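For reference, the chains in residue letters:
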Amino acid sequence: KSLVGPAFMDFAGSGIVHLVGGIGALCGAIIVGPRKGRFDPETEAEFDGHSVPFCVLGTFFLWFGWYGFNPGSTGAMHDRETANTAGLVAVNTTLSPCVSGLLVFLLRAKVVSPKLLDVGGFCN
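Summary of the structure given here. Residue indices follow the written sequence of each chain, beginning from 1 at its first position. Per-residue local features of the predicted model are confined to residues with pLDDT of at least 70, and side-chain atom pairs are confined, for both listing and counting, to 80 or more; whole-chain, interface and lining totals are unaffected and use all residues. Values reported for side chains reflect all heavy atoms of the structure, with hydrogen atoms and water molecules removed beforehand.

**Section: the overall build of the protein chain**
Of the regular secondary structure elements, the protein chain holds four helices and zero strands. Written out in order from the N terminus, the α and β elements of the protein chain read α-α-α-α. Computed over the C-alpha atoms, the radius of gyration of the protein chain is 19 Å, more than 25% above the 14 Å expected from 2.2 N^0.38 for a compact globule of 124 residues. Taking the principal axes of the C-alpha coordinates as reference, the protein chain spans close to 65 × 35 × 30 Å. Of all 124 residues assigned to the protein chain, the portion counted as buried reaches 8%. Numbering of helices and strands runs from the N terminus, with a helix taken as a DSSP run of H or I at least four residues long and a strand as a DSSP run of E at least two residues long. Note that the radius of gyration is over C-alpha atoms, with the globule rule given as 2.2 Å times the number of residues to the power 0.38. The cut-offs for exposure are 20% and 50% of the maximum accessible area for each residue type, with area from a 1.4 Å probe on protein chains only; residues under the lower value are buried, those over the upper are exposed, and the others partly exposed.

Here it is as structure tokens:
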């Protein structure tokens, strides 16, 4: 029992999955390094940005997958308590990215320079 509130619940080992993935990505980035010419002022204009429509489409695909994985990670829905837990997980799966995406969108539009509407930041 936790002394400061609800105990930490790591659904489906997501903590270790993200830790291993993050360390692997960091090692890969260190080994491979930046793209040649990416931060060179002479060739910087040659690098195009990401495709915003594909970024949004990929975000929707990922988000849709979370609805199967996250509530399914509760393990069961055989009674009212477990069904409520799965429902709470689905609500959190909806609200968390919405609020954080809107916050990033508004901060980039009103606070952080250059003050632009950033759909890629919203999706990230």
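Having seen it, we continue.
**Some words on unusual backbone geometry**
The omega angle of the peptide bond from serine 113 to proline 114 is -10°, so this bond is cis rather than trans. Along the chain, proline 114 falls in the loop between helix 3 (80-110) and helix 4 (119-123).

**What about a nonpolar patch on the surface?**
The grouping of Ile16, Val17, Leu19, Val20 and Ile23 at the surface amounts to a nonpolar patch, some 480 Å² of accessible area in total. Mapped onto the elements, isoleucine 23 comes out in helix 1 (residues 14-32). Only residues whose relative accessible area exceeds 30% and that form no salt bridge are eligible for patches; like-charged ones are grouped when within 9 Å, while nonpolar side chains (Val, Leu, Ile, Met, Phe, Trp, Tyr) are grouped when within 5 Å. Each accessible area is a Shrake-Rupley result for a 1.4 Å probe, and residues are judged covered by the shown protein chains and nothing else. Whenever Lys or Arg places a side-chain nitrogen within 4 Å of a carboxyl oxygen from Asp or Glu, that contact is recorded as a salt bridge.

**Focus on helix 1**
Residue count minus one, scaled by 1.5 Å, sets the expected span of a helix. For helix 1, with 19 residues, the first-to-last C-alpha span of 26 Å sits near the 27 Å given by 1.5 Å per residue. Positive backbone phi, approximately 80°, marks glycine 33, located one or two places after helix 1.

**Structural notes on the packing of aromatic side chains**
Pairing of aromatic rings covers Phe, Tyr and the six-membered ring of Trp, with a centre-to-centre limit of 6.5 Å; geometry is then stacked below 30 degrees between planes, edge-to-face above 60, and tilted otherwise. In this structure the tally under the stated criterion is one aromatic pair. Seen from their ring centres, phenylalanine 105 and phenylalanine 122 are 6.2 Å apart, and the 90° between their planes marks the pair as edge-to-face. Highlighted residues: phenylalanine 105 in helix 3 and phenylalanine 122 in helix 4, separated in sequence by 17 residues. Residue classification places phenylalanine 105 among the partly exposed positions, given a relative accessible area of 23%.

**Quick look at the environment of phenylalanine 69**
Checked against the element boundaries, phenylalanine 69 lands in helix 2 (residues 52-72). Look at phenylalanine 69 and you get partly exposed, because its relative accessible area is 45%. For the pair phenylalanine 69 and valine 52, spaced 17 residues apart in sequence, the C-alpha separation works out to 26 Å.

**Describing the side chain of serine 73**
Structurally, serine 73 is set in the loop between helix 2 and helix 3. In this structure serine 73 comes out as buried when scored by relative accessible area, which is 19%. Here the side chain of serine 73 touches phenylalanine 69 through a polar contact of 2.7 Å, landing on its backbone oxygen. Pairs of N or O atoms are called polar contacts if they sit within 3.5 Å, as long as, within protein, a hydrogen donor faces a hydrogen acceptor (for residues adjacent in sequence, only side-chain-to-side-chain pairs).

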